[in-house]
Amino acid sequence: MKRIAQTFLNKPKNVLNVYCTAGYPQLNSTLTIMQALQQYGADLIELGMPYSDPLADGPVIQQSSSVALQNGMSIKVLFDQLKDCRKTIHIPIILMGYMNPILQYGFEAFCKKAAEVGVDGLILPDLPEYEFENMYGAVIKKYQLDFIFLITPETSEERIRKMDALSSGFLYAVSSSATTGKDKNFNEVNTYLQRLQAMQLKNPIMVGFGVKDKSTFTTACTYSNGAIIGSAYIQALGSSTDIAATTKQFLENILK
């Protein structure tokens, strides 16, 4: 069984996926952060591949991407950093990014290398459904990578079911049609999540955008399988002098 599927089998509720930007705050922070996230309770790691023109990222993650790019992060550098990661990292790793740098690297070469270094899944917000079905999906499946589509409260039921059918691993329920890091009214989000729950989709549901602390994590998990935290963790790292200690405190504040 694939690692992501096994994670949800072992822990169907309150799954925590933490986003971090590869190469931030320092170029060589990536593995240190991943090890700390695993040690202190994250169930999944979502590694952002920095890009100069991100569509879905708010100002905090955009800033971290700018720093990472200035630090010298690239897809090639990231794969070099990850080449031995499975000696110490046992939880699923998802790469999140945008198509332009991946196409420059070579799409099949990217998927092949991702699989080789132990990546489990991909989130590519600017890969449309049509191109996925007709061009790229077969390559992703060839290398046994999960692919995770995003849906929003405005997504029609028909399209939600289509995204669910095409996705594997989980379905990413964006809490609202905005960028990451924005505050949300989670009472409104719950209505949306209850609607998704009632649809009895094949994939687990993970909620992202606006989840930042114990309260929003707990609320987001009420009608879903878990939640994704990004901007709040990036902010914590930005003012940190000790990655392990910062990560420990951040995750304990959410999980304890």
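Above this text is the structure in question.
**Q** Explain the overall build of the chain to me, please; I cannot follow it from the model alone.
**A** Tallying secondary structure elements over the chain gives twelve helices and nine strands in all. Computed over C-alpha atoms, the radius of gyration of the chain comes to 17 Å, within 12% of the 18 Å expected from 2.2 N^0.38 for 256 residues, which places it in the range of a compact globule. Taking the principal axes of its C-alpha atoms as reference, the chain extends roughly 45 × 45 × 35 Å. Looking at the chain as a whole, 55% of its 256 residues qualify as buried.

**Q** Help me understand the pattern of salt bridges in this model?
**A** When charged atoms on two side chains of opposite charge get close, those side chains can pair. Applying the stated rule across the entire model yields 14 salt bridges. Residue E108 pairs with K142 through a salt bridge whose shortest N-O separation is 2.6 Å. Taken together, the residues E108 in helix α6 (residues 107-117) and K142 in helix α7 (residues 129-142) connect sequence positions 34 residues apart. Between E129 and R159 there is a salt bridge; the shortest N-O distance is 2.3 Å. A residue pair is termed long-range when its members are at least 10 positions apart, and E129 in helix α7 and R159 in helix α8 (residues 157-166) qualify at 30 residues. Relative accessible area serves as the criterion here: at 18%, E129 is assigned to the buried category. Residue classification places R159 among the partly exposed residues on the basis of a relative accessible area of 38%. Through salt bridges that share partners, E129, E133, R159 and K162 make up one connected network.

**Q** I'm lost on the nonpolar core in this one. Help?
**A** Where a protein is soluble and globular, its nonpolar side chains tend to be buried together. Counting 91 residues, the largest nonpolar core has L47, L95, F170 and L196 as the members making the most contacts within it. What L95 contacts, discounting residues up to four positions off in sequence, is L47, M49, L78, F79, L82, F110, A114, V119, G121, L122 and I123.

**Q** Any chance you could explain the environment of I234 here in plain terms?
**A** Along the polypeptide, I234 turns up in helix α11 (residues 231-238). Considered as a pair, I234 and A22 are 212 residues apart in the sequence and their alpha carbons are 11 Å apart. Those residues in contact with I234 that lie beyond four places of it in its chain are Y19, C20, T21, Y24, V60, I61 and S64.

**Q** Explanation requested: the sheet that holds strand β5 (residues 146-147) in the structure shown.
**A** Strands pair in a sheet through their backbones, by hydrogen bonds, and they do so in one of two ways: parallel or antiparallel. The nine strands lie next to each other as β5-β4-β3-β2-β1-β9-β8-β7-β6, forming an open sheet whose pairing is parallel. Of all the strands in the sheet, the pair left with one neighbour each is β5 and β6 (150-151). The sheet contact formed by strand β4 (residues 121-123) and β5 spans two bridges and is parallel. Its bridge partner being in β5, G121 is matched across the sheet by D146.

**Q** Just checking my understanding: could you explain the packing of aromatic side chains for this structure?
**A** Two aromatic rings, taken as a pair, are described by how far apart their centres are and by the angle between their planes. The tally for this structure, following the rule as stated, stands at eleven aromatic pairs. Ring geometry for F79 and Y105: centres 5.7 Å apart, planes at 70 degrees, overall edge-to-face. In this pair, F79 sits in helix α4 (residues 75-82) while Y105 sits in helix α5 (residues 99-105), placing the two residues 26 residues apart along the sequence. Residue F79 is classed as buried on the basis of its relative accessible area of 1%.

**Q** Even after reading the chapter, I still don't get the packing of α4 against α6, so can you show me in this structure?
**A** Two numbers describe a pair of packed helices, the interaxial angle and the distance between the axes. Here α4 crosses α6 at 20 degrees, and the two axes come no closer than 9 Å. Considering the angle they form, α4 stands roughly parallel to α6. Our pair here, α4 against α6, has a crossing hand that is left-handed. Contact residues: I75, F79 and L82 in α4; F110, K113, A114 and V117 in α6. Classifying every residue of the contact of α4 with α6 by side-chain character gives six nonpolar, no polar and one charged.

**Q** Looking at this structure, how should I read helix α12 (residues 243-255)?
**A** Each α-helix turn comprises 3.6 residues. Residues three or four places apart therefore point the same way. In this model α12 runs 18 Å from its N-terminal to its C-terminal C-alpha over 13 residues, within 8% of the 18 Å that 1.5 Å per residue would give. Residues of α12 that are buried in the fold lie against β1 (15-21), α2 (30-39), α10 (214-222), β9 (226-229) and α11. Where α12 begins, the capping side chain belongs to D242, and its oxygen is found 3.2 Å from the backbone nitrogen of A244.

**Q** Quick question: what am I supposed to make of the pairing of strand β7 (residues 171-174) here?
**A** Within a regular strand, the side chains alternate between the two sheet faces. Because side chains alternate across β7, one face comprises the buried residues L171 and A173, and the other comprises Y172 and V174, equally buried. This β-α-β element, β6 to α8 to β7, shows right-handed connectivity. Judged from the four bridges that link them, β7 and strand β8 (residues 205-208) form a sheet pairing that is parallel. If you follow L171 over to β8, its bridge partner there is I205.

Thresholds, definitions, all that
- Sequence order sets the numbering: in each chain, residues are counted from 1 along the sequence as written.
- In view of the model being predicted, local features appear only for residues whose pLDDT reaches at least 70, and side-chain atom pairs are presented and counted only at 80 or more, with totals across whole chains, interfaces and linings using the full set of residues.
- The basis for the side-chain values is all heavy atoms of the structure; hydrogens and waters are excluded.
- The secondary structure listing takes helices from DSSP runs of H or I that are at least 4 residues long and strands from runs of E that are at least 2 residues long, numbered from the N terminus.
- As defined in this context, the radius of gyration uses C-alpha atoms, and a globule is described by 2.2 Å times the residue total to the power 0.38.
- Only protein chains enter the accessibility calculation, which uses a 1.4 Å probe; a residue whose area is less than 20% of its type maximum is buried, one above 50% is exposed, and one in between is partly exposed.
- What makes a salt bridge here is a side-chain nitrogen of Lys or Arg within 4 Å of a carboxyl oxygen of Asp or Glu, nothing more.
- For our purposes a nonpolar core is just a set of buried Ala, Val, Leu, Ile, Met, Phe, Trp, Tyr and Cys residues, chained together by side-chain atoms within 4.5 Å.
- We call two residues in contact when some of their heavy atoms are within 4.5 Å.
- Two strands qualify as a pair provided DSSP detects at least 2 bridges between them.
- Aromatic rings from Phe, Tyr and Trp, with only the six-membered ring used for Trp, were paired whenever their centres fell within 6.5 Å, and each pair was classed as stacked if the ring planes differed by under 30 degrees, edge-to-face if by over 60, and tilted otherwise.
- Axis lines are fitted through C-alpha atoms, for helices just across the contact stretch, and the angle between N-to-C directions can take any value from 0 to 180 degrees.
- Every angle not falling under 35 degrees, over 145, or within 65 to 115 is termed oblique; those three ranges are roughly parallel, roughly antiparallel and roughly perpendicular.
- The handedness criterion is simple: a crossing whose near helix is rotated anticlockwise from the far helix by less than a right angle is left-handed, and one whose near helix is rotated clockwise is right-handed.
- Polar here means any residue outside two lists: the nonpolar Ala, Val, Leu, Ile, Met, Phe, Trp, Tyr, Cys and Pro, and the charged Asp, Glu, Lys and Arg; Gly therefore counts as polar.
- Every helix has an expected span of 1.5 Å times one less than the residues it contains.
- Polar contacts, as counted here, are pairs of nitrogen or oxygen atoms within 3.5 Å of one another; within protein the pair requires one atom able to donate a hydrogen and one able to accept it, and residues that are adjacent in sequence qualify only if both atoms are side-chain atoms.
- Whether a crossover is right-handed depends on one test, that the path from the first strand over the helix to the second runs clockwise when the strands point away from the viewer.

Nothing here speaks to function; it is geometry throughout.
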